[in-house]
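Chain residues, written in single-letter form:
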Amino acid sequence: MTRWLFGRVLISIGLAWVVATIVFMALHVVPGDPAELLLSSNGVAADPAAVAELRDKLGLARPILDQYLSFLGGLTRGDLGNSLVDDYPVMSEIALRLPRTLELIFAGSLIACIVGIPAGTYAALHRGGTFDRIASGAAALLLAIPVFVVGTLLVLVLAEMLRLMPAGGYVPLAQNPAQHLMLLALPAIAIGKGLTAIIFRMSRASVLDALSKDFVRTARAKGLAPARVLSRHVVRNALTPILTVLGLQMGTLLGGTVLVEYVFNWPGLSTPLLRAVEARDYPMVVGVVLTISGLFLFINLVMDILYAALDPRIRTG
Amino acid sequence: MTTTRRSFLQASMFLGAGTALPFLSLPARAQRSAGVLRYGLSAFPPNLQPWVSTGAASGTVKLLIHRSLVAYDSKGELRGELATSWSIDDQGAWVFKLRKDAVFHNGDPVTADDVKWSIEEIGGEKSTAYMRTQFQSISKVEILDPQTVRLVTKEPLATLPTWFGNYNTFIISRKSTTSEPIGCGPFRIAAQERGSWIELTPFDKFYKPGFPKLKGVRFIVYADDNLRQAALVSGDVDVIEYVPWQSMSAVENDPRLKLDAVEGPFMCVLFNGSKPPFNDPRVRRAVAHAVKRDDIVKAAFFGRGKPLEGVPIVAGTPWYDEKLAHGWNYDPARAKALLAEAGFANGFQATMLATAQYGMHKDTAEVVQQYLGAIGIQSELRLPDWPTRVNLGGRGQYDLAIHGLSADSNDPDGLTPYIDTSLPPNYVRSFGLSAPRTTAALDRGRAEFDLARRAEIYKEMQRAALEEVPMAGLAWRQQGYGMDRSVQGFANMPGALTGLSGATLEETWFG
């Protein structure tokens, strides 16, 4: 088991290196010079001599292999370098913003579970009923509407027309918990809406599946109360596939936060990523992408370990 | 217990209400603390280095932290800041008299030594300053006394004082370091979070008694145009910049808000003059006459702009001439005739570079493409992201390009970076094009001190440019600030100076 685990970790590290290299190289191949872009912000004419001077200062004039090796050297020391734009350490930026993105994903998933699981269960229990039909239609609609449309509509109705909520932004939890939750609500709803639909469908399908199982019939036959049958035998068994889907989808949400964070001005990891891509701020782009892919790899590794723990065939075979 | 439909519904509703409660319990509004202005910024300043140009958002913040020798007032006139007066001496050098009461944020007085040091650093060999080349034409900075500096230039320079009205030419303390510039403006940075917000507090030793009037400014970044507008409407901020054109009427019609918009920046066509067909000025003129500008104003700017049928000279200035301003009027017959004269009676194919990243560039390009098609120029649009657009533009990898610009000042010399074809290649100007008469007139205008004669020279420059077409103007676009009605004293500066309007936050108060 230890040897197997060691192998898995090694593979993850290798994959992280591959990602870092691909991102680093791709960025340098894509047209756009960070020094020129910075000095010509807002469409002004940058002085070529000043651009050359800045390139030199930023170390961009060095051969690409040289830059790559010092990047890898930094990486082994856990140093992702500094932003080309303002010399700010990439690590500090990620440390500040990653928790906010994770919080958003967590809140979105929570909403999805709280709404999706009971609704899915209820719909399954009353299959073909009015609620089932309406909710299934709504789920299809939620999946179909792009997240930025929902986001913009929420801002228009709740912030601009009703003036119930701020249009977006962020207040630290420690500073003002009520305001923090208020600002979290809209982006969390926007990000959770697709997942809600997925969880609803999944819950409905797996509850239906569980309802047709022999052990449910047996439980009913031996005279258990319907509530007990539902909670102990149906929902409990139906939860496993729902959790698998949730685990997979949370990873996908990490990529889906880009639009939501932008629309609601939520200062997570997406804003620096967008800004960095636009400015060709190489160390920042590589740092953020590496963090996101690192999280993916980590989730995968944990999944592998969990599966292996559950099923010995995986670690031996 | 049995699960009935009712009990399940009740349980679900209770659960739902419980989770929604924290979100609905308070009327959510971002709080306004007394006297602190909340300003919706369009982008977070890449950095706040005092001499490096990093965009208008940085400029707005820098204008409050720093001061230069002069600045523009809300009417667009130059006024003294660190300098009380300035004049030309009999040898053609500029002499600036400094005020005695200005101090830096570290408490040191602002002296002629700091002015000399700042000017020499901007023009230094290792400088990355925006005005580097211009300042290198200052051959000597002499200190006549602790309050007087004399700037000797290689050539006579009538427009030199305007250089110090720019937001990239601040005077900072000699004790400054790259990471910590020490300014002497009305505010200083109290706190900031990279990418999100910046808080400024007033500097209590600012040299103008009673200023700034605000107790602070909080800049909050709203990169999305619509969200910035929503933040203003919902009262989360007091002022926003770059009101989206489609939302301008909504701001005007809202009884709680007001709009201050001016026509300053402009859209234009750039040419690759290094190869046929656009190396022929007749073909460039044909393009300039082919486009009906009204359609651009309507399509790209929702009517919030006006046609630009000549060299971009601001109306109402001494250099403006009504007839010259319409020298490239919409005249498709003439455009076709010019093409035929140049040997392209049957038209030709061309590539048109713009960017999809900014809607106004793309929309303008689409209108231009239609009108060029009507005279036989079939253009293929290329709409990469902005960094690629800059890269391709600088290397001349296009036939035609659509661009949006703003001059450095309302003086025609402010157009030099865009129409002086002797300058090295840059994505902001036409590539490999030669307009010698225009360039020569710009040089003469810069060296002439007499206003009447300068006006004449610049009219001549416009006549030359109308023939040589170093670029073709398309449309002026409005730049608008939206604000709460209680905000007083904040003004959108006229014409090209609109980007400097942040400086008026010094005089802003809540009425």
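Computed from a predicted model, the values in this text were never measured in an experiment.

What counts and what doesn't
Think of each chain on its own: its residues are numbered from 1, step by step along the sequence as written. Chain labels run from A onward and ligand labels from 1 onward, assigned in the order the entries are written. Only residues with pLDDT of 70 or above have their local features reported here, since the model is predicted, and side-chain atom pairs are shown and tallied only from 80 upward, although totals for entire chains, interfaces and linings are computed over all residues. The secondary structure listing takes helices from DSSP runs of H or I that are at least 4 residues long and strands from runs of E that are at least 2 residues long, numbered from the N terminus. Buried means a residue has 20 or more other C-beta atoms within 10 Å of its own C-beta, exposed means 12 or fewer, and partly exposed covers the counts in between; C-beta atoms are placed from the backbone. C-beta atoms are placed from the backbone for every residue, and two residues are taken to be in contact when these atoms lie within 7 Å. By this definition, two strands are paired if DSSP reports at least two bridges between them. To get an axis, a line is fitted to the C-alpha atoms, and for a helix only the part in contact is used. The angle between two axes follows their N-to-C directions and goes from 0 to 180 degrees. Each crossing is labelled by how the near helix is turned from the far one, with a counterclockwise turn of less than a right angle marking it left-handed and a clockwise turn marking it right-handed. Classes in brief: Ala, Val, Leu, Ile, Met, Phe, Trp, Tyr, Cys and Pro nonpolar; Asp, Glu, Lys and Arg charged; the others, Gly included, polar. pLDDT expresses how confident the predictor is about each individual residue, on a scale running from 0 to 100.

A. Highlighting the overall build of chain A. Looking only at helices and strands, chain A has 13 helices and 0 strands in total. Taken from the N to the C terminus, the helices and strands of chain A come in the order α-α-α-α-α-α-α-α-α-α-α-α-α. Based on the C-alpha atoms only, the size of chain A along its principal axes is roughly 85 × 60 × 35 Å. Buried positions account for 40% of the 317 residues belonging to chain A. Sequence separation of 24 or more characterises 72% of the internal contacts of chain A that already satisfy a separation of 6 or more.

B. Representation of the pairing of strand β16 (residues 400–405) of chain B. Residues and elements named next belong to chain B. Within β16, 6 of the 6 residues are buried, which leaves it mostly tucked inside the rest of the structure. In β16, alternate side chains face the same way, and those of L400, I402 and G404 on one face and A401, H403 and L405 on the other are all buried. The sheet contact formed by strand β12 (residues 257–271) and β16 spans 6 bridges and is antiparallel. In the sheet register, M267 faces β16, and the bridge partner there is G404. When strand β14 (residues 348–353) meets β16, the two strands line up parallel, connected through 2 bridges. In the strand pairing of β16, M352 is matched with L400.

C. Structural view of the packing of helix α7 (residues 147–161) of chain A against helix α8 (residues 177–211) of chain A. All names here are of chain A. Remark: α7 packs on α8, axes separated minimally by 9 Å, with the N-to-C direction vectors making an angle of 145°. Between α7 and α8 the crossing geometry is right-handed. Together, V147, V150, G151, L154 and L158 of α7 and L186, I189, A190, I191, K193 and G194 of α8 make up the contact between the two elements. Within the contact of α7 with α8, the residues separate by chemical class into 8 nonpolar, 2 polar and 1 charged.

D. Main features of the sheet that holds strand β7 (residues 148–153) of chain B. Residue and element names in this part refer to chain B. Within the open sheet, the 4 strands sit side by side as β4-β5-β7-β6. Their pairing is antiparallel. Every other strand in the sheet has two partners, leaving β4 (83–88) and β6 (138–145) as the edge strands with one partner each. Each strand of the sheet is rotated relative to its neighbour by a mean of 20°, with strand direction disregarded. Pairing analysis gives 5 bridges linking β4 to strand β5 (residues 94–98), with the strands arranged antiparallel.

E. Molecular detail of unusual backbone geometry. The amide bond that connects F211(B) to the next residue, P212(B), takes the cis arrangement and shows omega of -5°. Between P276(B) and the following residue, P277(B), the backbone shows a cis peptide bond with an omega angle of 0°. Note that P277(B) resides in the loop between β12 and α8 (281–290). Unusually for a residue other than glycine, N265(A) sits at a positive phi of about 55°. Note on placement: N265(A) falls in the loop between α10 (226–264) and α11 (270–279).

F. Structural view of the interface of chain A and chain B. Facing the 56 residues of chain A at the interface are 56 residues of chain B. Among the secondary structure elements, those contributing two or more residues to the side of chain A that touches chain B are α2 (34–39), α3 (48–58), α5 (90–125), α7, α8, α10 and α11 of chain A.

G. Region of interest: the confidence of the model for chain B. Residues and elements named next belong to chain B. Summarising the model, chain B shows a mean pLDDT of 91, and 94% of its residues fall at 70 or more. Per-element confidence in chain B is highest for α8, whose mean pLDDT is 97, and lowest for helix α1 (residues 5–24), whose mean pLDDT is 45. Ignoring residues within four places in sequence, the model shows residues 8–30, a span with pLDDT below 50, making 24 contacts including any to other chains. For this predicted complex, the interface confidence score (ipTM) comes to 0.80, while the overall pTM stands at 0.86.

H. View of the environment of H180(A). Residue and element names in this part refer to chain A. Relative to the helices and strands, H180 resides in helix α8. H180 sits 10 residues away from Y170 along the chain, and the two C-alpha atoms are 6.6 Å apart. If sequence neighbours within four positions are ignored, H180 has contacts with V171, P172 and L173.

I. Expanded view of the environment of I13(A). Positionally, I13(A) belongs in helix α1 (residues 2–29). Sequence separation between I13(A) and R127(A) is 114 residues; the distance between their C-alpha atoms is 47 Å.

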